[in-house]
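One-letter residues, chain by chain:
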Amino acid sequence: MRETISGLARSAGVNVETVRYYQRRGLIATPPRGEGVRRYGAEDVRRLGFIRSAQAAGFTLDEIAELLELDAGQDRARARELAAERIAALDARITALQQARSALERLARQCRETDEGPCPILTAFEA
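Note that this is a predicted model, so its numbers are computed, not measured.

Quick notes on the overall build of the protein chain
Piece 1. Looking only at helices and strands, one finds six helices and two strands in the protein chain.
Piece 2. Counting helices and strands in the order they occur from the N terminus, the protein chain gives α-α-β-β-α-α-α-α.
Piece 3. Against the globule reference of 14 Å for 127 residues, the protein chain gives a C-alpha radius of gyration of 22 Å, more extended than a compact globule.
Piece 4. Oriented by its inertia axes, the alpha-carbon framework of the protein chain measures out at about 70 × 40 × 20 Å.
Piece 5. Buried residues in the protein chain amount to 24% of all 127 residues.
Piece 6. Partitioning the contacts of the protein chain with sequence separation of at least 6, the portion at a separation of at least 24 is 44%.
Piece 7. Of the roughly 8800 Å² that the protein chain leaves accessible, carbon and sulfur atoms contribute 52%.

Printed below as a string of structure tokens:
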């Protein structure tokens with residue numbers, strides 16, 4: 001399978017600019033121009049899928065770059081470390097989002113309870 005960049009992007013569900021961005025970041029190789037057009041193979045499709053899956057799991061592009069360099073058979077310890085770091089970061093983000101949700105629920109309840117005075121939601125954001 002040899003696809004153009006648009007075919008590669010379409011097969012991965014991203015746009016062409018995303019593929020180019022990943023190339024600039026060094027996550028995907030830029031193949032040489034063959035007959036004036038760059039062609040991408042199955043390995044490029046697999047690599048793009050890996051990047052998208054790792055992003056869905058919450059990894060940053062810098063972390064994904066490191067994951068891509070690891071050997072699946074030899075670098076389990078480092079992969080576990082990266083996963084543990086990402087889990088801790090996700091847990092912290094979840095905690096912050098839960099706190100934000102609770103605060104917003106409280107403000108919405110206060111706003112609903114009375115029509116007098118300024119809206120608690122709006123005044124909270126002005127502070």
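Details of the packing of aromatic side chains
Piece 1. The tally for this structure, following the rule as stated, stands at one aromatic pair.
Piece 2. For the ring pair Y21 and Y22, a centre distance of 6.4 Å and an interplane angle of 50° mean the geometry is tilted.
Piece 3. On the basis of relative accessible area, Y22 is assigned to the buried category, the value being 2%.

So, the nonpolar core
Piece 1. Membership of the largest hydrophobic core comes to 18 residues, with the highest contact counts inside it found for V19, Y22, L27, L48, I51 and I64.
Piece 2. Those elements giving two or more residues to this core turn out to be helix 1 (5–12), helix 2 (16–24), helix 3 (42–56) and helix 4 (61–69).
Piece 3. The greatest single-element share of this core, amounting to four residues, is contributed by helix 4.
Piece 4. Ignoring sequence-local partners within four residues, the contact set of V19 consists of I5, L8, A9, V14 and L48.

What counts as what
- Within each chain, residue numbers correspond to sequence positions counted from 1 in written order.
- This being a predicted model, a pLDDT of at least 70 is required before a residue's local features are given, and a value of 80 or more before pairs of side-chain atoms are given or counted; all residues contribute to the totals for chains, interfaces and linings.
- Water and hydrogen atoms were dropped before computing side-chain values, which therefore reflect all heavy atoms in the structure.
- Each helix is a run of DSSP H or I of at least 4 residues and each strand a run of E of at least 2, with the numbering of both proceeding from the N terminus.
- With the radius of gyration taken over C-alpha atoms, the globule rule is written as 2.2 Å times the number of residues to the power 0.38.
- A 1.4 Å probe rolled over the protein chains alone gives each residue an accessible area, and that area as a share of the maximum for its type sets the label: buried under 20%, exposed over 50%, partly exposed in between.
- What makes two residues a contact is simply this: any of their non-hydrogen atoms within 4.5 Å.
- We get accessible surface area from the Shrake-Rupley algorithm with a probe of 1.4 Å; when it comes to residues, only the shown protein chains can shield them.
- Aromatic contacts are taken between Phe, Tyr and Trp rings whose centres are within 6.5 Å, Trp giving its six-membered ring; a plane angle under 30 degrees counts as stacked, one over 60 as edge-to-face, and the others as tilted.
- Here, nonpolar core refers to any group of buried Ala, Val, Leu, Ile, Met, Phe, Trp, Tyr and Cys residues whose side-chain atoms link them within 4.5 Å.

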